[in-house]
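Commentary on secondary and tertiary structure
This is what each chain is made of:
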Amino acid sequence: MRFAVIMAGGSGTRLWPLSRKGTPKQLLRLIDGTSLLRIAFERLGDLVPPERVLVCTGAAYADQVAAELPEVPVENILGEPEGRDSLNAVAWPAAVIAERDPDAVIAQVTADQLIEPAAVFTASLAEAYAVAEADPRALVTLGVVPTSAHTGYGYLHRGEAVPGFEHTHRVLEFREKPDLVTASEYLASGEYWWNAGMFVWQARTFLEQLAALHPASHAAVVELAAHPERLAEIFPTLHKTSVDYGIMEPVSAGAGTAHVVSVALPVQWRDVGGYASLAETLAHDAAGNALIGASVRLDASDNVIINTAGDDHLIGVLGCSGMVVVATPTITMVVPVDAAERVRELVALVRAEAGERYV
């Protein structure tokens, strides 16, 4: 049977103070009043019924996730007691699903991206399922067809086409985030896709690669799937690494017993990781200000102005350009747009000087 796992464990530190411990970014209703998690769930369309959708999230958010996705059975919400990177957010659900159905085919999708048109995504995911079902040895990744020489994404170097599938190619190698010159060369060659960080594979095949490359992690997640009551004991001991470093890159280089292929994803794709990418999704005024909530602007342009402080709160901006201004009920932040990626540093300072209550 087909299953899907929505990876929704990130804390979204770069969107502080909107995103905080109790309100991670995937649960914020910032996109036309809808959360990124809800959008990710609905994007699956009719490919997977709700009873075969799992969500891997932080244990602290499990109740909120359940409220946001009432169609998903509560037992399908896997709450990590602490973050152990993406390999374990993939491996634990794979072991759980394999307990239910050893022949399962799993799609791993994310909850922090905006993908349009959704129908194109659904069609690409359907092809990825079909590839994994036809080829038990395939680890399938989705490759976003690039629209610019973006330096913030990893890349896939694609090889020959896979017979029988219109949009599927072998993956020759994974490439790290490039500089602008290299990214421009990738774009001009037409041989590279952005690495979307979403995958489809047979549960058995993935777990076999995990056993070969990380035997201790494999033994631990299999034990955890059989004895979920040991979660707090076992999960913190898992080796912390990403699924790309831990599985996909080694397999693409010849390790393990599988091979990596990629299905094209020709969509508008945004990784909503920080304020610059969030601003691209928001309504703008005539001066280019990206806006949420009540504000008054005078001689202000190209700012990101977000007011979630309540109905009685107003933001006034005068003579500013290229700033991020965020007001919440307890925190106000002002930072230049070109320094917004450093918000993590500010959060660390807030933790040290003002305490955990503001983080």
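A few points on the structure.

Conventions used here
- Residues numbered from 1 in each chain as written.
- Predicted model: local features only at pLDDT ≥ 70, side-chain atom pairs only at ≥ 80, totals over all residues.
- Heavy atoms only, no water.
- Buried < 20%, exposed > 50% of the residue type's maximum accessible area, 1.4 Å probe, protein only.
- Helix = DSSP H or I, 4+ residues; strand = E, 2+ residues; numbered from the N terminus.
- Pairing = 2+ DSSP bridges.
- Expected span 1.5 Å × (residues − 1).
- Phe/Tyr/Trp six-rings, centres within 6.5 Å; stacked < 30°, edge-to-face > 60°.
- Lys NZ or Arg CZ within 6 Å of the ring centre and 35° of its normal.
- Axes fitted to C-alpha atoms, helices over the stretch in contact; angles between N-to-C directions.
- Parallel < 35°, antiparallel > 145°, perpendicular 65-115°, else oblique.
- Left-handed = near helix turned anticlockwise from the far one by under 90°.
- Contact = heavy atoms within 4.5 Å.
- Nonpolar A, V, L, I, M, F, W, Y, C, P; charged D, E, K, R; others polar.

Moving residue by residue along a regular strand, the side chains alternate between the two faces of the sheet. The element strand β10 (residues 259–265) is largely enclosed, with a buried count of seven among its seven residues. Burial along β10 is two-sided: His259, Val261, Val263 and Leu265 facing one way and Val260, Ser262 and Ala264 facing the other are all buried. Pairing geometry for strand β6 (residues 138–144) and β10, over seven bridges, is parallel. Its bridge partner lying in β10, Val140 is registered against Val261. Where strand β8 (residues 168–175) lies against β10, three bridges are found, and the strand directions are antiparallel. Counterpart to Thr168 in the pairing with β10 is Val263.

In this section: helix α3 (residues 85–100). Helical periodicity: at 3.6 residues per turn, an α-helix aligns residues three or four positions apart in one direction. Relative to the 22 Å expected for 16 residues at 1.5 Å per residue, α3 spans 24 Å between its end C-alpha atoms, a close match to the ideal helical length. If you check which residues of α3 are buried, you get Leu87, Asn88, Ala89, Val90, Ala91, Trp92, Pro93, Ala94, Ala95, Val96, Ile97 and Ala98.

Another point: the packing of aromatic side chains. The final tally for this structure, using the stated rule, is eight aromatic pairs. Centroid distance Trp194 to Trp269: 6.1 Å. Interplanar angle 35°. Geometry classified as tilted. With Trp194 in strand β9 (residues 192–202) and Trp269 in strand β11 (residues 268–271), this pair connects stretches of sequence that are 75 residues apart. Like Trp269, Trp194 is buried. Chaining the aromatic ring pairs together yields one cluster made of Tyr153, Trp194 and Trp269. When the ring centre of Phe121 is taken as origin, the NZ or CZ atom of Arg43, which lies over that ring, is 5.4 Å away. Across the ring face of Phe3, the terminal group of Arg52 is positioned such that the distance to the ring centre comes to 5.9 Å.

The next point concerns the packing of α3 against helix α7 (residues 215–226). With their axes 8 Å apart at the nearest point, α3 and α7 run at an angle of 50° to one another. Taken together, the axes of α3 and α7 are oblique relative to one another. Every pair of crossing elements has a handedness; the one defined by α3 and α7 is right-handed. Across the interface between the two elements, Ala91, Trp92, Ala95, Val96 and Glu99 of α3 pack against Val221, Val222, Leu224, Ala225 and Ala226 of α7. The class makeup of the residues in the contact of α3 with α7 is nine nonpolar, no polar and one charged.

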